[in-house]
Amino acid sequence: MSALAWDDLRYVLAIAEGGSLTAAAQLLGVRHSTVLRRLDALEAQLGARLFERHRQGYAATEAGEWAAAQAREIRAGVDEVERRIVGRDLQLSGVLRLSTAFVAMLYLLPEPLAAFRRQHPGIEVEVSENSELVDMSRRTADVALRMAREVPQHLVGRQLGRMTMRVYAQRGAAHLPQSIQPIERLCRDYPWFAFDKDSRSRFYDRWMHENILPQQVVMRIDLLHPVVAMARTGLALALLPTFIEATEPDLVPVSEPLREVSTPVWMLTHPDLRQTARVRAFLQEVGVAISARLAAAPGGE
């Protein structure tokens, strides 16, 4: 029997985690037919069935479960080797993967990223939108910009400032306030855009549930950047980050910054990557620029 390779086990693990050939192909970035061909060849090589084929998908046999478990352990080792090698990279070149929320990409990052590219043309930044913290141990991202009150202890980085929120209306909307009002009056007397009806996981979700009556809500929108777009229509009030003000002249603030509706903004990386030249430069230069933008926003610090 020929030697079993890590690349073979990658396919076993992807099928086990995805539950189907299609899902495995998406995880691996290959075609469905490639996954099927590799699985058939591996089972023939081993002389063992690794997965039972069902209409609902692929279920691992006992041998398949054991192989997938071993593959997870090997993957962790391979990922660590890659991180440690990349972490010794002293060149200001190569790819840097950034994960962040869409609202940060729209309002905090464009100018800092453009300045970073001009300063370091050899570094190619790849930005992916993800509202949740990705698994940096697998190098899904090298750096993450996150707005959260708590971050995993195994990551390193720093707090850049705080995202503070306040209430906004369309400028010139006749039925909406156009100047700073007591928050109690805004909550009681005006229509609102709200977020997910059932979610209380985000700090601003909890504030909305505690302060806005259901009958005041005219529309629910799950993400912050579509709320900005709807606020421009003048239909209702919106709770939004104060850092939008510099680029949203059609919106007027109608409350003071709400200190109770704020959260730290973090720039994070994996400990194995923090000494990589391009990561270190990004943390320093882009981090400083974002800190300045947060400090300049109303209620910022």
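All values reported here derive from a predicted model rather than from experimental measurement.

Enquirer: Describe helix α10 (residues 277–296), with residues and values.
Expert: The end-to-end C-alpha distance of α10 is 29 Å, a good match for the 28 Å that 20 residues give at a rise of 1.5 Å each. Considering bend angle alone, the principal kink of α10 is centred on Gly287 and spans about 25°. For α10, the full list of buried residues reads Ala277, Arg278, Val279, Ala281, Phe282, Leu283, Val286, Gly287, Ile290, Ser291 and Leu294.

Enquirer: How would you sum up the nonpolar core? Please name residues and give values.
Expert: Ranked by size, the top nonpolar core spans 61 residues in total, and within it Trp192, Leu239 and Leu240 carry the most contacts. Of all the elements, α10 adds the most residues to this core, at seven residues. Residues Ala14, Leu39, Phe51 and Ala67 belong to the second largest nonpolar core, which totals 19 residues.

Enquirer: Which residues make up the pairing of strand β3 (residues 94–100), and what values go with them?
Expert: Here β3 pairs with strand β4 (residues 123–129) via seven bridges, running parallel. Among the inter-strand pairings, Thr100 is bridged to a residue of β4, identified as Glu129. Inspection of the sheet shows β3 paired to strand β5 (residues 143–147) by three bridges, in the parallel sense. By the bridge assignment for β5, Ser99 is matched with Ala144.

Enquirer: Break down the packing of helix α1 (residues 6–18) against helix α3 (residues 32–46) for me, citing the residues and quoting the values.
Expert: Close contact between α1 and α3 brings their axes to 10 Å; oriented N to C, the two are set at 115°. With respect to α3, the element α1 is oriented roughly perpendicular. Of the two possible hands of crossing, α1 and α3 adopt the one that is left-handed. Contacts from Asp7, Asp8, Tyr11, Val12 and Ile15 of α1 reach α3 at Thr34, Val35, Arg38, Leu39, Leu42 and Gln45. Within the contact of α1 with α3, the residues separate by chemical class into six nonpolar, two polar and three charged.

Enquirer: Outline the confidence of the model for the chain, listing residues and values.
Expert: Here the chain shows a mean pLDDT of 88. Residues at 70 or above account for 92%. Mean pLDDT in the chain bottoms out at helix α4 (residues 62–87), which sits at 76, and peaks at strand β10 (residues 251–253), which reaches 98.

Enquirer: Go over the packing of aromatic side chains with me, naming the residues and quoting the values.
Expert: Scanning the entire structure with this criterion turns up six aromatic pairs. For the ring pair Phe51 and Tyr58, a centre distance of 6.5 Å and an interplane angle of 50° mean the geometry is tilted. Its relative accessible area of 0% is what places Phe51 among the buried residues. With relative accessibility at 18%, the residue Tyr58 sits in the buried group. Each ring, one from Phe116 and one from Phe282, has its centre 5.1 Å from the other, and the planes form 80°; the classification is edge-to-face. Of the two residues, Phe116 sits in helix α6 (residues 110–119) while Phe282 sits in helix α10, which places them 166 residues apart along the sequence. Judged on exposure class, the residue Phe116 and its partner Phe282 are both buried. The structure contains a cluster of three or more aromatic residues connected by ring pairs, namely Phe195, Phe203 and Tyr204.

Conventions used here
Residues numbered from 1 in each chain as written. Predicted model: local features only at pLDDT ≥ 70, side-chain atom pairs only at ≥ 80, totals over all residues. Heavy atoms only, no water. Helix = DSSP H or I, 4+ residues; strand = E, 2+ residues; numbered from the N terminus. Expected span 1.5 Å × (residues − 1). Bend = angle between axes of the 7 residues up to and from the residue. Buried < 20%, exposed > 50% of the residue type's maximum accessible area, 1.4 Å probe, protein only. Core = buried A, V, L, I, M, F, W, Y, C linked by side-chain atoms within 4.5 Å. Pairing = 2+ DSSP bridges. Axes fitted to C-alpha atoms, helices over the stretch in contact; angles between N-to-C directions. Parallel < 35°, antiparallel > 145°, perpendicular 65-115°, else oblique. Left-handed = near helix turned anticlockwise from the far one by under 90°. Contact = heavy atoms within 4.5 Å. Nonpolar A, V, L, I, M, F, W, Y, C, P; charged D, E, K, R; others polar. pLDDT = per-residue confidence, 0-100. Phe/Tyr/Trp six-rings, centres within 6.5 Å; stacked < 30°, edge-to-face > 60°.

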